[in-house]
Amino acid sequence: MSSKFKLAIVLLISIVFLLFWGITKSFYQQDEWHGMGDILSFGSKSIFITVSGPIGFLLGGGRFLGNALVYFFYSRFPFNVLPISLFILVFHAINSSLVFVLCYKFTKKVAPAF
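Source: prediction; values computed, not measured.

Now for the overall build of the chain. Check the secondary structure of the chain and you find six helices and zero strands. Element order for the chain, N to C, with α for helix and β for strand: α-α-α-α-α-α. When burial is assessed residue by residue, the chain has 25% of its 114 residues classed as buried. Sequence separation of at least 24 residues holds for 65% of the intrachain contacts in the chain that already meet a minimum separation of 6. Carbon and sulfur atoms make up 71% of the accessible area of the chain, which totals about 8,000 Å².

Quick look at the structure:
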C-alpha cells in the first residue's frame, strides 16, 4: 500500500471521529426513546415488530439487524448512550474506509476514491 492510500484511510477515520464525536455527549433523542419504549414494552419481540406483512417489508420494515443492535445496547445499557455511540463511531469509520477501498479498487487512484 502506498503512503497516499494509508494517509487517506487515516484522514477518513479522523473525519468520522471529528464529525460524530459530539454524539457521545448527547442523551436520548426521539428515535432512542422510541427504541427504548419498544424494548420495555415488547422485550426481545421488539426485534421483529417493524414488519407488518410483505407490503411493510417492501416499504422499509424489517430492519432486523438494526433492531437487534438496538435491543442489545438498550437492554444491556439502559439510559446510557455512550456504548452505542462508540459502536456507531467505529462502525462509521470502518464503513467509510471500506467504501474508500472499494472506490480505489475501481479507479486505481487515491484522489477520486477519496
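What follows picks up the thread again.
Time to look at the nonpolar core. Within the largest apolar cluster, six residues are counted, these being Met36, Ile39, Phe73, Tyr74, Val81 and Ile84. For this core, the elements supplying multiple residues, two or more each, are helix H2 (30–42) and helix H4 (64–76). Once you skip the residues sitting within four places of it in the chain, Ile39 turns out to touch Ser46, Val70, Tyr71, Tyr74 and Ser75. The next biggest cluster of nonpolar side chains, apart from the first, holds five residues, and it includes Phe5, Ile9, Leu12 and Phe100.

Within a pair of aromatic rings, the relevant descriptors are the distance that separates the centres and the angle that separates the planes. Applying the stated criterion to the full structure yields five aromatic pairs. Ring geometry for Phe87 versus Phe91: centroids 5.9 Å apart, planes at 20 degrees, classification stacked. Remark: Phe91 and Phe87 occur in helix H5 (residues 82–107); sequence separation between them is four residues, near one turn of the helix. One aromatic cluster is present, formed by Phe72, Phe73, Phe77, Phe87 and Phe91 through successive ring pairs.

Take H5 next. Here H5 is 26 residues long and its end C-alpha atoms lie 37 Å apart, about the 38 Å a rise of 1.5 Å per residue gives. Two residues or fewer after H5 comes Lys108, characterised by a positive phi angle close to 60 degrees.

This part covers H4. What sets the pattern is the α-helix's 3.6 residues per turn: residues three or four places apart point alike. Taking 1.5 Å as the rise per residue, H4 with 13 residues should run 18 Å; its terminal C-alpha atoms sit 18 Å apart, in good agreement. Residues Asn67, Phe73 and Tyr74 constitute the buried set of H4. For H4, the angular spread of buried residues about the axis comes to 135 degrees, placing them on one side.

Two elements in contact, H4 and H5, have axes separated by 9 Å at closest approach and are oriented at 140 degrees. Classified by the angle between their axes, H4 and H5 sit oblique to one another. Contact with H4, carried on its side by Leu69, Phe73 and Tyr74, involves Pro83, Ile84 and Phe87 of H5 and no other residues of that element. Classifying every residue of the contact of H4 with H5 by side-chain character gives six nonpolar, no polar and no charged.

Turning our attention to a nonpolar patch on the surface. Taken together, the side chains of Ile13, Phe17, Trp21, Leu82, Leu86, Val90, Ile94 and Leu98 define a hydrophobic patch exposed on the protein surface, amounting to about 670 Å² of accessible area. Counting residues per element, the nonpolar patch draws most heavily on H5, which supplies five residues. Looking at where Val90 falls in the secondary structure, it is placed in helix H5. With a relative accessible area of 43%, Val90 lands in the partly exposed category.

Parameters at a glance
Residues numbered from 1 in each chain as written. Predicted model: local features only at pLDDT ≥ 70, side-chain atom pairs only at ≥ 80, totals over all residues. Heavy atoms only, no water. Helix = DSSP H or I, 4+ residues; strand = E, 2+ residues; numbered from the N terminus. Buried < 20%, exposed > 50% of the residue type's maximum accessible area, 1.4 Å probe, protein only. Contact = heavy atoms within 4.5 Å. Areas by Shrake-Rupley, 256 points an atom, 1.4 Å probe, with all protein chains shown as cover. Core = buried A, V, L, I, M, F, W, Y, C linked by side-chain atoms within 4.5 Å. Phe/Tyr/Trp six-rings, centres within 6.5 Å; stacked < 30°, edge-to-face > 60°. Expected span 1.5 Å × (residues − 1). Arc of directions from axis to C-beta. Axes fitted to C-alpha atoms, helices over the stretch in contact; angles between N-to-C directions. Parallel < 35°, antiparallel > 145°, perpendicular 65-115°, else oblique. Nonpolar A, V, L, I, M, F, W, Y, C, P; charged D, E, K, R; others polar. Patch = residues over 30% accessible without salt bridge, like charges linked within 9 Å, V, L, I, M, F, W, Y side chains within 5 Å. Salt bridge = Lys/Arg side-chain N within 4 Å of Asp/Glu carboxyl O.

Geometry only, nothing functional implied.
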